[in-house]
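Structural characterization, general
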Amino acid sequence: MLSQQRLSRTCALALCGLLSTGLLVAAGPCDLYSSGGTPCIAAHSTTRALYSAYSGSLYQVRRGSDNATTTIAPLSAGGVANAAAQDTFCASTTCLITIIYDQSGRGNHLTQAPPGGFSGPESNGYDNLASATGAPVTLNGQKAYGVFVSPGTGYRNNAASGTATGDAAEGMYAVFDGTHYNGGCCFDYGNAETSSLDTGNGHMEAIYFGTSTGWGTGSGSGPWIMADLENGLFSGSSSGNNAGDPTITSRFVTAVIKGGPNLWAIRGGNAASGSLSTYYSGARPSASGYNPMKKEGAIILGIGGDNSVSAQGTFYEGVMTSGYPSDSTEASVQANIVAAKYATTSLTSGTALTVGSSISLQATTACCTTRYVAHTGTTVNTQVVSSSSDTTLKQQASWTVRAGLGNSACFSFESKDTAGSYIRHNNFVLLVNANDGSKQFHEDATFCPQSGLNGKGSSLRSWNYPTRYIRHYSNVGYIASNGGVHTFDATSTYNDDVSWVVTTGFA
């Protein structure tokens, strides 16, 4: 006979569990919050339905070839996103995520963030949209895509319905990529200002994930889960260090923030296994302006409340609630997330590359098929190269394949004639620079090959800016998007300019 404790745990897991096929059995995260008396007022995910009965749109994508859009829904009610539908729609072109739909029924959809205290890099100061293919994962073995936020990318809703305002209680969680972060401000999900401006201390309450040390910190070197309460990232009761807020080491992380009158908490855990831990629970920060809170009720993703746009991270799912959720409700939600079985999947396709091999990259644009990716000093360009070219030029047009410096699931390309130097981008211009060992360099020098967008060879996608691919434009190398504010982002001949035939290296 089962003990009462074991029976309760078994029932809880059954309630929020998933079958091995990835279909929800009885209750999604928002069903669980509702049962706990703190219903979701916003539910966002590009990977799955967050209610057991939800079968509507999860997100919208827009493709670069003709600017057509389509919506992606779960494979079945309560299930995983139909990634195959996206793959078909986006075949042989690029796609951006234009809308992340709210599953709560309140219409709190997230769209391209407008300018605020800071302007984004797009036209008229808007933020960038995320690549629809930059963050592939599987849930119970079924492919789905997350939201890969590069610096400059952001989503927002400044007219949200039902969100907490003033000092009202709320809760929120998000599932992030625990390995994708930086120290910029601010990779947030949650409650922010409705004006996109910094209106003072206590006007925000959002989950932050990253390594910023400008305000609060946790133990170790980060990344940490903290709360962005405006003009401060808080790890605990003060604006300083909370040794109880640990460095996150898991690939998938569940991050939780909740707050009410003079009470708030930070909780977190591995989104692929185990339970949540409490990193802080207690009174509001002692710094001026945070008790009572003055929350405004907008919703942000990937940016700060004033549209600070220098952060990066990856978002898979998240919700916001009305009321202060109990730890027991959050435990059931965490069990549901674990049962979803988030896992990594391949980041590459196209021509297979072998680490240690020497390759050359031949242009496929009709004008330029005798040209190969080469370098002159630090400048990456294309040059006419053949078997009769001199040794110096052959070496300049040859690259040693290395495991990705920023992500070993992708690749980096070391200069054949300048050992220790790699192709990297800086301000979207390709350079050959010496590896300085920094996180930034490693990420800038990592590329994920995809099947060639024009059907030939491979297209080399930037790992940390997955809307951008290695492109030749006027014989100079860039990472370019399919349309954008830069001259080298021109849509004309884009698919050809970013597709390369991978050949055995000249040297």
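Scroll up for the structure.
Now for a quick tour of the structure.

1. As for the overall build of the protein
Along the protein, the regular secondary structure elements total seven helices and 33 strands. For a compact globule of 507 residues, the expected C-alpha radius of gyration is about 23 Å, and the protein comes in at 23 Å, within 12% of that figure. Looking at the protein as a whole, 58% of its 507 residues qualify as buried. In the protein, the share of contacts with a sequence separation of at least 24, taken over all contacts with a separation of at least 6, comes to 66%. Summed over its atoms, the accessible surface of the protein is roughly 17400 Å², and 50% of this surface lies on carbon and sulfur atoms. When the 25 basic and 30 acidic side-chain charges of the protein are each reduced to a single mean position, those positions are 8 Å apart.

2. Thoughts on the state of the cysteines
A covalent bond bridging the sulfur atoms of two cysteines is what the word disulfide describes. A full pass over the atoms with the stated rule returns five disulfides. Two residues share a disulfide in this structure: Cys30 and Cys40, whose sulfurs sit 2.2 Å from each other. Across the S-S bond linking Cys30 and Cys40, the dihedral sits near -100°, which makes this disulfide left-handed. Taken together, the residues span a long stretch of sequence, with Cys30 in helix H2 (residues 29–35) and Cys40 in strand E1 (residues 40–45) at a distance of 10 residues. With relative accessibility at 1%, the residue Cys30 sits in the buried group. Judged by its relative accessible area of 8%, Cys40 falls in the buried class. Note that Cys410 is cross-linked by a disulfide to Cys448, the S-S spacing being 2.0 Å. Handedness here is read from the sign of the S-S torsion; for Cys410 and Cys448, about 90°, the answer is right-handed. Of the two residues, Cys410 sits in the loop between strand E25 (399–403) and strand E26 (411–415) while Cys448 sits in strand E29 (residues 447–451), which places them 38 residues apart along the sequence. Taking the relative accessible area as the measure of exposure, Cys410 reaches 1% and is therefore buried. Note on Cys448: relative accessible area 1%, which makes it buried. Disulfides within the protein link the bonded cysteines, taken in sequence order, as 1-2, 3-4, 5-6, 7-8, 9-10.

3. Considerations on the sheet that holds strand E8 (residues 142–145)
The antiparallel open sheet is built from three strands, whose spatial order is E8-E7-E21. The sheet is open, and its two borders are formed by E8 and strand E21 (342–344), each paired with just one other strand. On average, each strand axis in the sheet is tilted by 40° relative to the strand beside it, whichever way the strands run. Both strand E7 (residues 136–139) and E21 contribute to a ladder of three bridges, which runs antiparallel. Of the residues in E21, the one forming a bridge with Thr138 is Ala343.

4. Some details on helix H4 (residues 327–339)
With 13 residues, H4 ought to run about 18 Å at 1.5 Å a step, and its terminal C-alpha atoms sit 18 Å apart, in line with that. For H4, the buried fraction is high: 10 of the 13 residues fall into the buried class. All of the buried residues along H4 are Thr329, Glu330, Ser332, Val333, Gln334, Ala335, Asn336, Ile337, Val338 and Ala339. Once H4 finishes, Lys341 follows within two positions and takes phi at roughly 55°, a positive value.

5. Quick notes on the pattern of salt bridges
Side-chain pairing between opposite charges can occur once the charged atoms of the two side chains come close. Evaluation of the coordinates by the stated rule reveals 16 salt bridges. In this structure, Arg267 and Asp327 form a salt bridge, with 3.7 Å as the shortest nitrogen-oxygen distance. Within this pair, whereas Arg267 is found in strand E17 (residues 263–270), its partner Asp327 is found in helix H4, the two being separated by 60 residues in sequence. Residue class for Arg267 comes out buried when judged on its relative accessible area of 7%. Of the residues examined, Asp327 reaches a relative accessible area of 39% and is grouped as partly exposed.

6. What about the packing of aromatic side chains?
The way to describe two aromatic rings as a pair is by their centre distance and the angle between their planes. Applying the stated rule across the entire model yields 17 aromatic pairs. Judged by centre distance (6.3 Å) and plane angle (20°), the ring pair of Tyr33 and Tyr173 falls under stacked. Note that Tyr33 is positioned in helix H2 and Tyr173 in strand E11 (residues 170–177), a separation of 140 residues in sequence. Relative accessible area serves as the criterion here: at 1%, Tyr33 is assigned to the buried category. An aromatic cluster is defined as three or more aromatic residues linked by ring pairs; in this entry it consists of Phe176, Tyr181, Phe187, Tyr189, Phe209 and Phe315. In this structure, Arg251 is placed above the aromatic ring of Phe252, and the distance from its NZ or CZ to the ring centre is 4.4 Å. Directly above the ring of Tyr181 sits Lys439, whose terminal nitrogen or CZ lies 4.7 Å from the centroid.

What counts and what doesn't
Residues numbered from 1 in each chain as written. Predicted model: local features only at pLDDT ≥ 70, side-chain atom pairs only at ≥ 80, totals over all residues. Heavy atoms only, no water. Helix = DSSP H or I, 4+ residues; strand = E, 2+ residues; numbered from the N terminus. Rg over C-alpha atoms; globule rule 2.2 N^0.38 Å. Buried < 20%, exposed > 50% of the residue type's maximum accessible area, 1.4 Å probe, protein only. Contact = heavy atoms within 4.5 Å. Areas by Shrake-Rupley, 256 points an atom, 1.4 Å probe, with all protein chains shown as cover. Lys, Arg positive; Asp, Glu negative; His and termini not counted. Charge placed at Lys NZ, Arg CZ, Asp CG, Glu CD. Disulfide = S-S within 2.5 Å. Pairing = 2+ DSSP bridges. Axes fitted to C-alpha atoms, helices over the stretch in contact; angles between N-to-C directions. Expected span 1.5 Å × (residues − 1). Salt bridge = Lys/Arg side-chain N within 4 Å of Asp/Glu carboxyl O. Phe/Tyr/Trp six-rings, centres within 6.5 Å; stacked < 30°, edge-to-face > 60°. Lys NZ or Arg CZ within 6 Å of the ring centre and 35° of its normal.

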